[in-house]
Amino acid sequence: METQTIELKSNTIEHPVFAEIRERKSRRAYLPTPVSGETIKSLFEAARWAPSSSNEQPWAYLYATKDQPELWEKIFDSLMEGNKFWAREAPLLVVSMVRKNFLKNDKPNGSARFDLGAANAFLSLQATHLGLNVHQMGGFEKEKIIRNLNIPDTHEPVVVLAIGYPGTPEQLAEPFKTRETAPRERFTQEFFVMNNTF
Ligand SMILES: Cc1cc2nc3c(=O)[nH]c(=O)nc-3n(C[C@H](O)[C@H](O)[C@H](O)COP(=O)(O)O)c2cc1C
């Protein structure tokens, strides 16, 4: 019997999507060019208009630019070594966090991290629209960042974002240099989209 093989991954965009989705990627090379205050406001405005469960908007952001070296260092200090290696060039670091409980009744908000993900996605696409690169990092020491930034127990840091204008792969040392231009791969829709019972 002939077996049918399904190609589970591909590195091409197979159906039309808008430009920012095509162009966004998690680069590691940054130019030293600062990100202006107005541009930073646009990024958080995009996050602000993300959907959230009960419209709770459980996200919170704490950012530092390289012009605020002490604060920037407090965020940078919490990153895992592998991330420090390249994120040291990012002119803007952002800690994204959630408010753990609902404001309305102080009960745990099971959707908080989900909603933060949506807000970070909105922020990332707005950044792409403005010619910026966003690289999200789960690789940081949670306890250290809580201590360094006095984050209260009501909030939990989830992902740190390195943001800046894209540089060139040549700036990076290996293995990051090669990774920067490697084809990006995604599961094809056959793998995760259903139109029948599971
Ligand atoms: C929640 C989350 C955590 C991540 N943590 C890291 C990280 O610690 N270090 C890193 O280099 N990339 C990290 N990434 C980036 C992913 O590796 C990247 O999004 C993925 O490989 C897909 O590549 P693309 O964003 O270029 O499409 C993270 C992304 C997300 C969404």
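See above for the structure.
Quick summary incoming for the structure in this document. Counting of residues starts from 1 at the beginning of each chain's written sequence and follows it residue by residue. Predicted model: local features are reported for residues with pLDDT of at least 70 only, side-chain atom pairs are reported and counted for 80 or more only, and whole-chain, interface and lining totals are derived from all residues. As a rule here, side-chain values come from all non-hydrogen atoms in the structure, and water together with hydrogens is ignored.

So, the packing of helix α3 (residues 69–76) against helix α6 (residues 142–149)
Consideration 1: Working convention: axes come from line fits to C-alpha atoms, limited for helices to the stretch in contact. Angles between N-to-C directions cover 0 to 180 degrees. What counts as a helix is a DSSP run of H or I of at least four residues, what counts as a strand is a run of E of at least two, and both are numbered from the N terminus. Interhelical geometry of α3 versus α6 gives an angle of 160° and a closest axis separation of 8 Å. Classified by the interaxial angle, the pair formed by α3 and α6 is roughly antiparallel. Here Leu71, Lys74 and Ile75 of α3 come into contact with α6, specifically with Ile145, Asn148 and Leu149. Geometric relationships in this document are graded by angle, where less than 35 degrees denotes roughly parallel, more than 145 denotes roughly antiparallel, 65 to 115 denotes roughly perpendicular, and other angles denote oblique. Contacts between residues were defined by any pair of non-hydrogen atoms, one from each residue, lying within 4.5 Å.

Notes on the side chain of Thr128
Consideration 1: Within the secondary structure, Thr128 sits in helix α5 (residues 112–129).
Consideration 2: For each residue, the accessible area found with a 1.4 Å probe, counting protein chains only, is set against the maximum for its type, and the residue is called buried under 20%, exposed over 50%, and partly exposed in between. Of the residues examined, Thr128 reaches a relative accessible area of 13% and is grouped as buried.
Consideration 3: Apart from the residues within four sequence positions on either side, Thr128 is in contact with Glu20, Glu23 and Arg24.

Let's talk about α5
Consideration 1: Expected span of a helix, by definition, is 1.5 Å for each gap between consecutive residues, and there is one gap fewer than residues. Along its 18 residues, α5 runs 26 Å from first to last C-alpha, staying within 8% of the 26 Å computed at 1.5 Å per residue.
Consideration 2: Every buried residue belonging to α5 is among Ala112, Asp115, Leu116, Ala119, Asn120, Leu123, Ser124, Ala127 and Thr128, and all of these are buried.
Consideration 3: Looking at the buried residues of α5, the elements they touch are α1 (19–23), α2 (37–48), β2 (59–65), β3 (92–99), β4 (133–137) and β5 (155–164).
Consideration 4: Downstream of α5 by one or two residues, Gly131 has phi in the positive range, about 80°.

A few points about the environment of Pro169
Consideration 1: Relative to the assigned elements, Pro169 resides in the loop between β5 and α7 (176–181).
Consideration 2: The partly exposed category is assigned to Pro169, whose relative accessible area is 21%.
Consideration 3: Apart from residues no more than four positions distant in its own chain, Pro169 is found in contact with Lys177, Glu180 and Thr181.

A word on the site of the ligand
Consideration 1: We call a residue near a given molecule or strand whenever any one of its heavy atoms falls within 4 Å of it. Taken together, 14 residues form the shell around the ligand, and within it Ser26, Arg28, Gly138, Arg184 and Arg186 come nearest.
Consideration 2: In protein, a polar contact means a hydrogen-donor-capable atom and an acceptor-capable atom, both N or O and within 3.5 Å, with residues adjacent in sequence counting only if both atoms are side-chain atoms; elsewhere, any N or O pair within 3.5 Å suffices. Between the ligand and the protein, one listed contact pairs an oxygen atom with a backbone N or O atom of Gly139 at 2.9 Å.
Consideration 3: At 2.7 Å, a side-chain N or O of Arg184 approaches an oxygen atom of the ligand.
Consideration 4: Areas reported here follow the Shrake-Rupley algorithm with a probe of radius 1.4 Å; residue values treat only the protein chains shown as occluding. Isolated, the ligand exposes 620 Å² of accessible area, and the fraction of that covered by the protein chains is 59%.
Consideration 5: When residues in the shell around the ligand are grouped by element, the largest group, three residues, is from β4.
Consideration 6: By residue class, the composition of the shell around the ligand is three nonpolar, six polar and five charged. Throughout, the ten residues Ala, Val, Leu, Ile, Met, Phe, Trp, Tyr, Cys and Pro are labelled nonpolar, Asp, Glu, Lys and Arg are labelled charged, and all others, Gly among them, are labelled polar.

Side note on the packing of aromatic side chains
Consideration 1: Each aromatic pair joins two rings of Phe, Tyr and Trp (for Trp, the six-membered one) with centres within 6.5 Å, and gets the label stacked for planes under 30 degrees apart, edge-to-face for over 60, and tilted for any other angle. Scanning the model with the defined rule gives five aromatic pairs in all.
Consideration 2: Both rings, one in Trp72 and one in Phe76, keep their centres 5.0 Å apart while their planes meet at 15°; by these two values the pair is stacked. Taken together, the residues Trp72 and Phe76, both in helix α3 and four residues apart, mark about one turn of the helix. You'll find Trp72 and Phe76 in the same group, each marked buried.
Consideration 3: Geometrically, the ring pair formed by Phe85 and Phe176 is tilted, given 5.6 Å between the ring centres and 40° between the ring planes. You can see Phe85 sitting in helix α4 (residues 81–87) and its partner Phe176 sitting in helix α7, a full 91 residues away along the chain.
Consideration 4: Assessed through its relative accessible area of 49%, Phe85 is described here as partly exposed.

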